[in-house]
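# Summary of structural features
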Amino acid sequence: MSSFWSNARKIGYGSIPIILFFILWEIGAGQVPKGVISPPSEVLQSLWAAAASEILFKQTAISLGRVGMGFALSIVVALPLGFILGTFFQSAEKVLLPFFRMCEKLNPFAIIPIFMIFFGIGTAEKVAIVFWATLWPLLFNTVAGARAVEYPLIRAARSMGATRRELFLKVILPFSLPNIFIGVEIAAQLSFFMIIASEVIGASTGLGWYYISATTKYQLPLMYGIVLYITVLSILINLLFGRLKKRFLLWKEAVHIH
């Protein structure tokens, strides 16, 4: 019962700045010329109407579907490659890592037009952008996780006759998971921002397109509402992966304790 009230207090205290923000927003919207800032009462009303018509959730599903495809593709490529470079083929890592680091430095927002030239304006282009943006944090964190495995553990496993397969599955993979999950968390955040950006620049569906459509039609309350909705979605994604990461880090601490 005490934990319930403790959590309730935390939620209550955390809600105070949010409530104040909306109050100040409502007051401030009335002090500026009409057509500049929509009050939150109108914003929430427009969001409710968009949700009731199902268009908001439909565009959300389209964007998240593109994110899922690009993110899954980057996992399929980055994790095996990261383990290969971080474990048994470290000499190849020394050759390839500078090139991969150079690719990582390419601003994904700046190269969106290049993806549009190669893949056209459609789902393939959006998936490719998400794949590119999420590949590098997954790859580098997987390499770091594989290389961070303590050598005495590997030596002990080898002394007990462990094969490469057993060494990977029972030693390297479990101890690399926390690092990998950090990469997954970073990649998930990047993927959400990149899909919105790519849909803003060129798309006929998705949340980014929906925002640009509202802007073009000067539907001011809906425009602010979509921004608010995207912000809440990104916060929820961060909270989800933050909680999952904590579980993995607690698992790692437990392993070290035992």
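Above this text you will find the structure in question.
Sequence positions are assigned chain by chain, starting from 1 and proceeding in written order. Only residues with pLDDT of at least 70 get local features here, since the model is predicted, and only at 80 or more are side-chain atom pairs given and counted; chain-wide, interface and lining totals rely on the full set of residues. Side-chain metrics in this entry use all non-hydrogen atoms of the structure; hydrogen atoms and water are not considered.

## A look at the overall build of the protein
A count of helices and strands for the protein gives 10 helices and 0 strands. Strands are runs of DSSP state E lasting at least two residues, helices are runs of H or I lasting at least four, and both sets are numbered from the N terminus onward. Put simply, the protein runs from its N terminus to its C terminus through helices and strands in the order α-α-α-α-α-α-α-α-α-α. Classification of the 258 residues of the protein by burial places 38% in the buried group. Any pair of residues with heavy atoms lying within 4.5 Å of one another is described as a contacting pair. For the protein, contacts bridging at least 24 residues in sequence account for 75% of all contacts bridging at least 6. As displayed, the protein has an accessible area near 15,200 Å², and 71% of this comes from carbon and sulfur atoms. Classification of residues uses two cut-offs on accessible area relative to the type maximum, computed with a 1.4 Å probe and protein chains only: under 20% is buried, over 50% is exposed, and between them is partly exposed. Only the protein chains shown count as cover for residues, with accessible areas throughout obtained via the Shrake-Rupley method and a probe of 1.4 Å.

## Description of the environment of F119
Within the secondary structure layout, F119 lies in helix α5 (residues 112-119). Beyond its immediate sequence surroundings of up to four residues, F119 is in contact with A124, E125 and A128.

## Quick word on the nonpolar core
By nonpolar core is meant a set of buried Ala, Val, Leu, Ile, Met, Phe, Trp, Tyr and Cys residues that side-chain atoms within 4.5 Å join together. In terms of nonpolar packing, the biggest core is built from 55 residues, with L56, W136, L139 and L207 touching the most fellow members. Elements represented by at least two residues in this core include exactly α2 (40-52), α3 (55-86), α4 (90-105), α5, α6 (123-147), α8 (164-201), α9 (207-216) and α10 (220-257). Filtering out sequence-adjacent residues up to four positions away, W136 remains in contact with F100, C103 and E104.

## A word on the pattern of salt bridges
Should a side-chain nitrogen of Lys or Arg be within 4 Å of a carboxyl oxygen of Asp or Glu, the pair is scored as a salt bridge. The tally for this structure, following the rule as stated, stands at 3 salt bridges. R66 is the salt-bridge partner of E199, the closest N and O atoms lying 2.8 Å from each other. In this pair, E199 sits in helix α8 while R66 sits in helix α3, placing the two residues 133 residues apart along the sequence. Judged by relative accessible area, which is 1%, E199 ranks as buried. Here R66 falls in the buried class, since its relative accessible area comes to 7%. In this structure, E125 engages K126 in a salt bridge whose closest nitrogen and oxygen atoms are separated by 2.5 Å. You can call E125 buried: its relative accessible area is 0%.

## Here's the deal with the packing of α3 against α6
Lines are fitted to the C-alpha atoms to define the axes, a helix being fitted only along its stretch in contact, and any angle between axes, read from their N-to-C directions, falls within 0 to 180 degrees. At their nearest, the axes of α3 and α6 sit 6 Å apart, and the two run at 30° to each other. In terms of orientation, α3 and α6 fall into the roughly parallel class. Viewed along their axes, α3 and α6 form a crossing whose handedness is right-handed. The nonpolar class holds Ala, Val, Leu, Ile, Met, Phe, Trp, Tyr, Cys and Pro. Asp, Glu, Lys and Arg form the charged class, and all remaining residues, Gly among them, are polar. By residue class, the composition of the contact of α3 with α6 is 19 nonpolar, 7 polar and 3 charged. Every angle not falling under 35 degrees, over 145, or within 65 to 115 is termed oblique; those three ranges are roughly parallel, roughly antiparallel and roughly perpendicular. Crossings are sorted by hand: turned counterclockwise from the far helix by less than a right angle, the near helix makes the crossing left-handed, and turned clockwise it makes it right-handed.

## Observations concerning the packing of aromatic side chains
Any two of the Phe, Tyr and Trp rings considered here, Trp counted by its six-membered ring, make a pair once their centres fall within 6.5 Å; the pair's planes then place it as stacked at under 30 degrees, edge-to-face at over 60, or tilted in between. Taken as a whole and assessed by the stated rule, the structure comprises 8 aromatic pairs. Ring geometry for F100 against W136: centres 5.8 Å apart, planes inclined by 40°, an arrangement best described as tilted. Of the two residues, F100 is situated in helix α4 and W136 in helix α6; the sequence distance between them amounts to 36 residues. We note that F100, like W136, is buried. Aromatic side chains F192 and F193 sit 6.4 Å apart centroid to centroid with 65° between the ring planes, which places their arrangement in the edge-to-face category. Judged by relative accessible area, which is 47%, F193 ranks as partly exposed. A network of ring pairs unites the aromatic residues F99, F100, F115, F119, W132, W136 and F140 as a single cluster.

## A look at the environment of V130
Note that V130 resides in helix α6. Here the alpha-carbon distance between V130 and A187, two residues 57 residues apart in the chain, equals 8.9 Å.

## Some details on a nonpolar patch on the surface
A cluster of nonpolar residues, I16, I19, L20, I23 and I27, forms a patch on the protein surface that exposes about 450 Å² of accessible area. Relative to the helices and strands, I19 is located in helix α1 (residues 2-29). Only residues above 30% relative accessible area that lack a salt bridge enter a patch, with like-charged residues linked at up to 9 Å and the nonpolar side chains Val, Leu, Ile, Met, Phe, Trp and Tyr linked at up to 5 Å.

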